[in-house]
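Structural overview for review
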Amino acid sequence: DVADLPGVPEWLPDHLRDDGIEELYPPQAEAVEAGVTEGENLVASIPTASGKTLIAELAMLSSVARGGKALYIVPLRALASEKQADFEEFEQYGLDIGVSTGNYESEGGWLADKDIVVATSEKVDSLVRNDAPWIEDLTCVVTDEVHLVDDGERGPTLEVTLAKLRRLNPDLQTVALSATIGNAEALATWLDAGLVDSDWRPIDLQKGVHYGQALHLEDGSQQRLSVQNNEKQTAAIVRDTLEDDGSTLVFVNSRRNAEAAAGRLANTVRPHLTDEERAQLANIAEEIRDVSDTETSDDLADAVAGGAAFHHAGLSRGHRELVEDAFRDRLVKVVCATPTLAAGVNTPSRRVVVRDWRRYDGTAGGMAPLSVLEVHQMMGRAGRPGRDPYGEAVLIASSHDEVDELFERYVWADPEPVRSKLAAEPALRTHILATVASGFARSREGLLEFLEQTLYASQTDDSGQLERVVDDVLTYLQRNDFLEIEAGELDATSLGHTVSRLYLDPMSAAEIVDGLRDWERGASDSTSASGSPTDAPAEPPADSGFTPANELAEDKGGSDDADADPDDISALGLYHLVSRTPDMYQLYLRSGDREEYEMELFEREAELLGPTPSEFEEGRFEDWLSALKTARLLEDWATEVDEATITDRYGVGPGDIRGKVETAQWLLGAAESLASEVDLDAARAISEARIRVEHGVREELVDLAGVRGVGRKRARRLFQAGITDRSELRDADKSVVLAALQGRRKTAENVLENAGHRDPSMEGVEPAPDVSVDLD
Ligand code: ADP
């Protein structure tokens, strides 16, 4: 009973009852018995949707009630806001919640007063590197989805971060939440924690496989589920569920497939909608179109009007929320999703269909099956407690043999054990530098001793492997001037400290420093050579489909001043430089792209920093081209190409543009710091390129676009109306501003106020008739 919880704040039982929670679920009760409300460490490995969040809340709230401070680590930035909304419910009882997912360089001083902080593991890692003083005040840390330590890319950060937090605060309560995995006890051993390992679920789950005209269930029964002429199996299942007034969540393996499937399934859903539902869905579709003016937005709105939707990490946050709410409100009857957010987003439905059980995997060079753990997590979303009698999770078989295979592989299978991925060079490169720079280790031995506290060390018998990689990494870091080793003492150089604080992969930093140095060298070499490396590139051929090269590059044309100036580094050159670092996810080259970007490279090679790899170096050359494609996207954005054209041209979603822009902003900011650290005179050019990409505008609009509420489109409109910078805006004729902003009074008032206008009121002002601004 929630009334009998030791250690929790006194308001909690009533609060839980208000939420419909009278009694703990059995795994939650086990967690309380294991002391989770009394400061004990705990690993809880329980199925999706079985109430892990409440275990986290019990731990954090009781820790805060004892005068402490709690940290909740989320695996994805996209999930931080979801958790924030959950925890903000406690603000009515005087708790302060803070969320920190933003840039990596700050120490987040403002978080010092928060009772509960939500952050990604990368963010926490960077806060530790930047010596955020409040980190030492933490009394409780909760890690969500801790099984992701198994992830080659992000797992090591989580592992090392937990080890650091625990070393800083030996009394820190550590609570780790995991999906059901094969070796939860290994995690418990690593974290000196009690263990709740349970497969209890609040609602029964039947797993099965659909093939032909039947649904084969794990209890041995069969249900007739017939596929009509020209109908796909998934559509048949969606229709069958609808006839029983239920909703379906369909997992597919790519964003494109999610979008296509949602479009098709809208046709299945539409005939089942009532007039009332149709009207409500039409409203939601309008809201979706209002979020952004892109093809993705249109496709989503069209699908939603028909009662279906797609959901993936390329969607903007506004879109995602509209979709999730409409699904929870049972207006949208089917959501087609990629697995990315399956774990964290609480969107249960009557049935789950796992349509694709293979996905493209670059390292495997083709399609690879999903892990049991992932498939079980998706399946776990089936069944809404209190609403459905039970949930059903269905895999789709395309042949009779596949029915057996899928039963073996997923339905009856146990999830894989989780294994540390720390002993890989890229992971250790970053973490060893940071560990030394923040003083966690001062010698090779100290470093090895620190690494002893990781999951890796608790799982391996071959300590020699770790030592070997550590030695390789130390050599690399020394060679690139990030670390010094003297008389057995390890010390970060000033450059090394900067790199660690900037949260850069040392390899990214080396690439940036080398590229900038190369440019400077090229620039000074060229004083004696015949041509300057900054010679203007040729105009792109008229049929290349691109807008002309950016104006910085054009400006350089005709200059016969061979003494190249660092201010002349083109924005494209800088975008390419940061796009080829391991910290940027480059765009893939699709078929046909290679030729296009080889040509582009030929045209604009002179703008790039550092020598182009030879075509015979397959991997590096390919990388160079992908970086060029990514850099072109950034350049398009910074030359005001509209969003819809960019999404179309590069085959990405609006969320991806934002992602690339944010990463570029961060890396260019880091490049500025690195340039001054190594005395390179390029900071101005870098800062210009950064600000342009931040606002998505050409040089002449930078000042205007920086005014809050203005943005790239409005800045251009104002500019066309003759208002060219912030000070002109401040003193502008209000009727001109109103006309430029298409008669939107509220917007105009806001903008004028933010620009510092004496009297921003638009009352009685009429739009100036002679201002004609036409961008669309
Ligand atoms: P998980 O994080 O394990 O996937 P959640 O914590 O999101 O699952 O819980 C799923 C749902 O169950 C939530 O809507 C939550 O409010 C509800 N819930 C959790 N614990 C209880 C309980 N003891 N009694 C009733 N409902 C509960």
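A short tour of the structure in this document, coming up. The written sequence of each chain sets the order in which its residues are numbered from 1. Local features in this predicted model are restricted to residues whose pLDDT is 70 or higher, and side-chain atom pairs enter the listing and the counts only when it is 80 or higher, whereas totals over whole chains, interfaces and linings include all residues. By convention in this description, side-chain values take in all heavy atoms of the structure and omit both hydrogens and water.

Looking now at the pairing of strand 6 (residues 173-178). Burial of strand 6 is extensive: 6 of the 6 residues sit out of reach of the surface. Sheet topology places strand 1 (residues 42-45) next to strand 6; 4 bridges connect them, and they run parallel. Bridging from a neighbouring strand, Leu 42 pairs with Val 175 of strand 6. Between any two strands, pairing holds if DSSP finds at least two bridges. Runs of H or I in DSSP of at least four residues are treated as helices and runs of E of at least two as strands, each being numbered from the N terminus. Inspection of the sheet shows strand 5 (residues 140-143) paired to strand 6 by 4 bridges, in the parallel sense. When the bridges of strand 6 are listed, Val 141 appears paired with Thr 174. In this fold, the crossover linking strand 5 to strand 6 by way of helix 6 (residues 155-168) has right-handed handedness. Buried means the residue's accessible area, taken with a 1.4 Å probe over protein chains only, is under 20% of the maximum for its type, while exposed means over 50%, and partly exposed covers the values in between. When the strands point away from the viewer and the path from the first strand over the helix to the second turns clockwise, the crossover is right-handed.

Let us now look at the sheet that holds strand 3 (residues 97-100). The pairing of strands in a sheet comes from backbone hydrogen bonds and takes either a parallel or an antiparallel form. Read across the open sheet, the 7 strands follow the order 3-4-2-5-6-1-7; overall the sheet is parallel. The two strands at the open ends of the sheet, each matched to only one other strand, are strand 3 and strand 7 (194-197). Strand-to-strand twist across the sheet, computed as the mean angle between neighbouring axes with direction ignored, equals 15 degrees. Both strand 2 (residues 70-74) and strand 4 (residues 116-120) contribute to a ladder of 5 bridges, which runs parallel. Along strand 4, the bridge assignment pairs Leu 71 with Val 117. Only the contacting stretch of a helix is used when fitting its axis, a line to C-alpha atoms as for every element, and angles between N-to-C directions run 0 to 180 degrees.

Okay, the sheet that holds strand 17 (residues 391-396) next. Taking strand neighbours across the sheet as the criterion, the 8 strands line up as 10-9-8-17-14-11-13-12 in an open arrangement whose pairing is mixed. Both edges of this open sheet fall to strand 10 (222-224) and strand 12 (308-311), since each of them pairs with a single strand only. Strand-to-strand, the axes of this sheet are offset by a mean angle of 25 degrees, without reference to chain direction. The pairing of strand 11 (residues 248-251) with strand 14 (residues 351-354) spans 4 bridges and is classified as parallel. By the bridge assignment, Thr 248 is partnered in strand 14 with Arg 351. Whether two residues are in contact is decided by their heavy atoms: any pair within 4.5 Å suffices. This element, helix 9 (residues 255-269), spans strand 11, strand 12 and strand 13 (334-337) of the sheet and lies at about 165 degrees to strand 12. Across the sheet, helix 12 (residues 317-328) lies against strand 11, strand 12 and strand 13, angled at about 135 degrees from strand 12, the strand it touches most.

Another aspect to go through is the packing of aromatic side chains. When the centres of two rings from Phe, Tyr and Trp lie within 6.5 Å, Trp using its six-membered ring, the rings pair. Their planes under 30 degrees apart give stacked, over 60 give edge-to-face, and anything left gives tilted. This structure, assessed with the given rule, holds 7 aromatic pairs. Aromatic pair Trp 357 and Tyr 410: ring centres 6.1 Å apart, planes at 70 degrees, arrangement edge-to-face. Residue Trp 357 is found in the loop between strand 14 and strand 15 (358-361), and its partner Tyr 410 is found in helix 14 (residues 400-411); the two are separated by 53 residues along the sequence. The residues Trp 357 and Tyr 410 share a single accessibility class, namely buried. Taking the centre distance of 4.8 Å and the plane angle of 45 degrees together, the rings of Phe 407 and Trp 412 count as tilted. Residue class for Trp 412 comes out exposed when judged on its relative accessible area of 52%. Pairwise contacts between aromatic rings join Trp 11, Phe 90 and Tyr 93 into one cluster. Both a distance and an angle decide whether a charge sits over a ring: NZ of Lys or CZ of Arg must be within 6 Å of the ring centre and within 35 degrees of the ring normal. Note that Arg 358 overlies the ring of Trp 357, its terminal NZ or CZ placed 4.0 Å from the centroid.

Our next topic: the pairing of strand 9 (residues 214-217). Residues Ala 214 and His 216 of strand 9 are buried on one face, and the alternating residues Leu 215 and Leu 217, pointing to the opposite face, are buried as well. With 4 bridges connecting them, strand 8 (residues 205-211) and strand 9 associate as antiparallel partners. Opposite Val 209, over in strand 9, you have His 216 as the bridge partner. Between the antiparallel neighbours strand 8 and strand 9 lie 2 residues, among them Gly 212 with a positive phi of about 65 degrees.

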